[in-house]
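Results of the structural survey
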Amino acid sequence: MRRDLPLGTLAAQLIHAAGASVAAGPGALPPETRAIALMVADEAELALLAERLELAAVPHAAIREPDPPWSGALMAIGISPLVDPRAARRVLARLPLLR
C-alpha cells in the first residue's frame, strides 16, 4: 500500500487489492488466511515492488484507480494468500506494516 494516500482512500484500495487477489472466488480462502497490510513510500516505490514480484514470479494484482483525481495511478498491489509464502516473503520481507 502507498503511504501517501488519505486514510479513506488507502482503506478502499486495500479492499480492492484483497478482492482482486482472490482468483478462486468468494469463500474459497482457507479459514486460516490472514491479511497483512504493508507500506511503501509512494507510487514509484509501489511500481518497483510490482516489478520485483513479477521477476520473482509471484502472482499479484496491480490496482489502479480509474477515477479522478487519481486517473490511472497505481494505488495498491494484492497478493493471493494461495501464493507460496516463501516466494512472497523474499520480496516483501523489508516492507513495514501499516500502522
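First, a word on what this report is: a plain description of the structure on this page. Note that the coordinates shown come from a computational prediction; the quantities given were computed from them, not determined experimentally.

Definitions and cut-offs
- Residues numbered from 1 in each chain as written.
- Predicted model: local features only at pLDDT ≥ 70, side-chain atom pairs only at ≥ 80, totals over all residues.
- Heavy atoms only, no water.
- Buried < 20%, exposed > 50% of the residue type's maximum accessible area, 1.4 Å probe, protein only.
- Helix = DSSP H or I, 4+ residues; strand = E, 2+ residues; numbered from the N terminus.
- Arc of directions from axis to C-beta.
- Contact = heavy atoms within 4.5 Å.
- Salt bridge = Lys/Arg side-chain N within 4 Å of Asp/Glu carboxyl O.
- Core = buried A, V, L, I, M, F, W, Y, C linked by side-chain atoms within 4.5 Å.
- Pairing = 2+ DSSP bridges.
- Lys, Arg positive; Asp, Glu negative; His and termini not counted.

**Topic: helix α3 (residues 85-92)**
Owing to its 3.6 residues per turn, the α-helix aligns residues three or four sequence positions apart on the same side. Turning to α3, its buried residues number three or more, namely Ala87, Ala88, Val91 and Leu92. Take α3 and look down its axis: the buried residues cluster within an arc of 120°, on one side only. Every exposed residue of α3 that faces more than 90 degrees away from the buried side is listed here: Arg86, Arg89 and Arg90. Structurally, α3 contributes buried residues whose contacts are with α2 (43-55).

**A short note on the pattern of salt bridges**
Scanning the entire structure with this criterion turns up three salt bridges. Here Glu43 makes a salt bridge to Arg2, at a shortest N to O gap of 3.9 Å. In this pair, Glu43 sits in helix α2 while Arg2 sits in the segment before α1 (7-20), placing the two residues 41 residues apart along the sequence. According to the relative accessible area criterion, Glu43 is partly exposed, its value standing at 29%. Of the residues examined, Arg2 reaches a relative accessible area of 4% and is grouped as buried. One salt-bridge network, held together by shared partners, links Arg2, Asp4 and Glu43.

**Here we look at the nonpolar core**
Ranked by size, the top nonpolar core spans 15 residues in total, and within it Leu46, Leu49, Leu53, Val58, Ile77, Leu92 and Leu95 carry the most contacts. Residue assignment for this core shows that the elements contributing at least two residues are α2, β2 (73-78) and α3. Excluding residues within four positions of it along the chain, Leu53 makes contact with Val58, His60, Ile77, Ile79, Val91 and Leu92. Within the second largest apolar cluster, ten residues are counted, among which are Met39, Ile63, Met75 and Ala76.

**What about the pairing of β2?**
When you tally the buried positions in β2, you get six out of six residues, the bulk of the element. In this sheet, β2 lies alongside strand β1 (residues 61-65) in antiparallel orientation, the contact comprising five bridges. For Ala61, the partnering residue across the bridge sits in β2 and is Gly78.

**Side note on the environment of Ser80**
Inspection of the secondary structure assignment puts Ser80 in the loop between β2 and α3. Sequence-wise, Ser80 and Ala61 are 19 residues apart; in three dimensions their C-alpha atoms are separated by 8.6 Å.

**A look at the side chain of Glu65**
Looking at where Glu65 falls in the secondary structure, it is placed in strand β1. Despite its burial, Glu65 pairs with no opposite charge, the nearest such side chain being Arg2 at 9.8 Å. Residue contacts for Glu65: discarding those within four places in its chain leaves Gln13, Trp70, Ser71, Gly72, Ala73 and Met75.

Worth remembering: the numbers are spatial, not functional.
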